[in-house]
Amino acid sequence: MTRGARDESGVAQAAAPPRQGDPQVPYEDRGAGAPHVSTQGLPGWLGPVVEAVATVRPTQLSRFLPPEDGRGRQSAVLILFGEGPRGPELLLMERAGTLRSHPGQPSFPGGALDPEDGDPHTTGPLRAALREAEEETGLDPSGVQLFGVLPRLYIPVSEFVVTPVLGWWRDPSPVGVVDPAETARVFTVPVADLTDPDHRVMAVHPRGHLGPAFTVESALVWGFTAGVIDRLLHFAGWELPWDRSRQVPLDWRA
């Protein structure tokens with residue numbers, strides 16, 4: 001990264017800071033049918049991700065953290081790991097180009113919490129992540145085992161306070177576009193492609209921001225989604241050395 005350049009994704013590129021900040025809120029099972037987090041029975045290859053989720057601090061993920069005054073719209077995304085023909089993979093979607101927030105951008109399934117999702121500080125984000133994934137991709141939530149929750153992060157441009165919820169696609173179900181007004185396409189990306197140095201670039205926003213990005217599945221994954229993937233790969237020990245001088249300009253409408 002060029003010295004002094006701003007990182008559009010907010011991803012923390014410096015060495016890990018001291019452990020500080022609020023501890024992660026326990027996401028307990030609050031009654032029959034309530035979503036909960038469990039690491040039991042996960043495939044062995046997810047072990048490094050589980051460990052990273054349990055130890056990472058907010059400032060190690062992003063410099064954009066939720067405002068202290070409580071501003072921001074509570075939301076959640078589902079970071080869903082599955083296993084495909086080429087091994088571990090992630091579920092992503094491309095947002096419809098007509099949406100007000102982040103149009104046309106590849107992202108994790110997710111969205112704002114609804115009142116019926118419940119408390120945003122307990123199981124609300126778990127419900128929201130699964131509900132939004134079902135609404136956007138047709139995913140069957142019963143086949144997903146939630147195994148971790150990352151610290152809440154902030155997207156300044158849309159003022160979303162985002163809770164990333166991690167899941168294991170224990171029983172895969174068919175997925176695809178449910179509502180073209182919300183989703184342009186749904187696809188999976190092998191982790192092997194995300195770690196491949198040939199698929200890694202720095203995205204250059206027209207305003208000069210820089211951030212990690214991935215050229216995968218005929219898409220440029222950048223912004224918040226790419227920043228979270230970048231940090232997960234790093235702290236899970238899956239990251240391979242790549243050339244950060246390789247830059248790809250974003251469309252002026254990004």
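Quick caveat, the model's predicted, so the values are computed rather than measured. (Residues numbered from 1 in each chain as written. Predicted model: local features only at pLDDT ≥ 70, side-chain atom pairs only at ≥ 80, totals over all residues. Heavy atoms only, no water.)

K.L.:
It is not clear to me how the sheet that holds strand 10 (residues 210-216) should be interpreted in this structure. Could you clarify?
P.N.:
Neighbouring strands of a sheet are bound in pairs by backbone hydrogen bonds; such pairs are parallel or else antiparallel. Read from one edge of the open sheet, four strands run 11-10-9-12, paired in mixed fashion. The sheet terminates laterally at strand 11 (219-221) and strand 12 (247-249), the two strands that pair on one side only. Taking the axes of each pair of neighbouring strands and ignoring which way they run, one obtains an average angle of 40° across the sheet. As paired strands, strand 10 and strand 11 are joined by three bridges and run antiparallel to one another. Note on strand 11: the bridge partner recorded for phenylalanine 214 is valine 221. (Pairing = 2+ DSSP bridges. Helix = DSSP H or I, 4+ residues; strand = E, 2+ residues; numbered from the N terminus. Axes fitted to C-alpha atoms, helices over the stretch in contact; angles between N-to-C directions.)

K.L.:
When you look at unusual backbone geometry in this model, what are you seeing that I'm missing?
P.N.:
Only a minority of non-glycine residues have a phi that is not negative, and only a minority of peptide bonds are not trans. Despite not being glycine, glutamate 159 shows a phi value in the positive range, around 60°. Its place among the elements puts glutamate 159 in the loop between strand 6 (153-155) and strand 7 (160-169). The class for glutamate 159 is partly exposed, based on a relative accessible area of 45%. Residues other than glycine seldom take positive phi values, yet serine 218 does so here, at roughly 55°. Within the fold, serine 218 resides in the loop between strand 10 and strand 11. (Buried < 20%, exposed > 50% of the residue type's maximum accessible area, 1.4 Å probe, protein only.)

K.L.:
In this structure, what is going on with the pattern of salt bridges? I would like to understand it.
P.N.:
It is possible for side chains bearing opposite charge to pair when their charged atoms get close. One pass over the structure, following the stated rule, counts 12 salt bridges. Residue arginine 86 pairs with aspartate 193 through a salt bridge whose shortest N-O separation is 2.9 Å. With arginine 86 in the loop between strand 1 (73-84) and strand 2 (87-95) and aspartate 193 in helix 4 (residues 191-195), this residue pair connects regions lying 107 residues apart in the sequence. Overlapping salt bridges, with partners in common, bring together Asp114, Asp117, Arg131, Glu132 and Glu135 in one network. (Salt bridge = Lys/Arg side-chain N within 4 Å of Asp/Glu carboxyl O.)

K.L.:
Would you explain empty space enclosed by the protein in this entry?
P.N.:
To locate leftover empty space, one rolls a probe as large as a water molecule over the atoms. Counted by the stated rule, this structure contains two cavities of 30 Å³ or more. Estimates place the volume of the second largest cavity at around 40 Å³. Around the second largest cavity, the lining residues are Phe81, Leu90, Val191, Leu194, Ile229, Leu232 and Leu233. For the lining of the second largest cavity, the secondary-structure elements that each account for two or more residues are helix 4 and helix 5 (223-235). Among the elements that take part in the lining of the second largest cavity, helix 5 stands out by supplying three residues, more than any other. Of the residues contributing to the lining of the second largest cavity, the split by class is seven nonpolar, no polar and no charged. (1 Å grid on protein atoms, 1.4 Å probe; cavity = no way out; pocket = protein on both sides within 12 Å on 5 of 7 lines; lining within 4 Å. Points joined across faces, edges and corners; volume = space filled by probe spheres on them. Nonpolar A, V, L, I, M, F, W, Y, C, P; charged D, E, K, R; others polar.)

K.L.:
Which parts of the structure should I look at to understand the pairing of strand 1?
P.N.:
Along any regular strand, the residues point their side chains to alternate faces of the sheet. The buried count for strand 1 comes to nine of 12 residues, which makes it a mostly enclosed element. Here strand 1 runs beside strand 7; their pairing, made up of nine bridges, is parallel. Within strand 7, the position partnered with glutamine 74 by the bridge is valine 161. Sheet analysis places strand 1 next to strand 4 (residues 110-112), joined by three bridges and oriented antiparallel. Each bridged residue has a counterpart across the sheet, and for valine 77 the counterpart in strand 4 is glycine 110.

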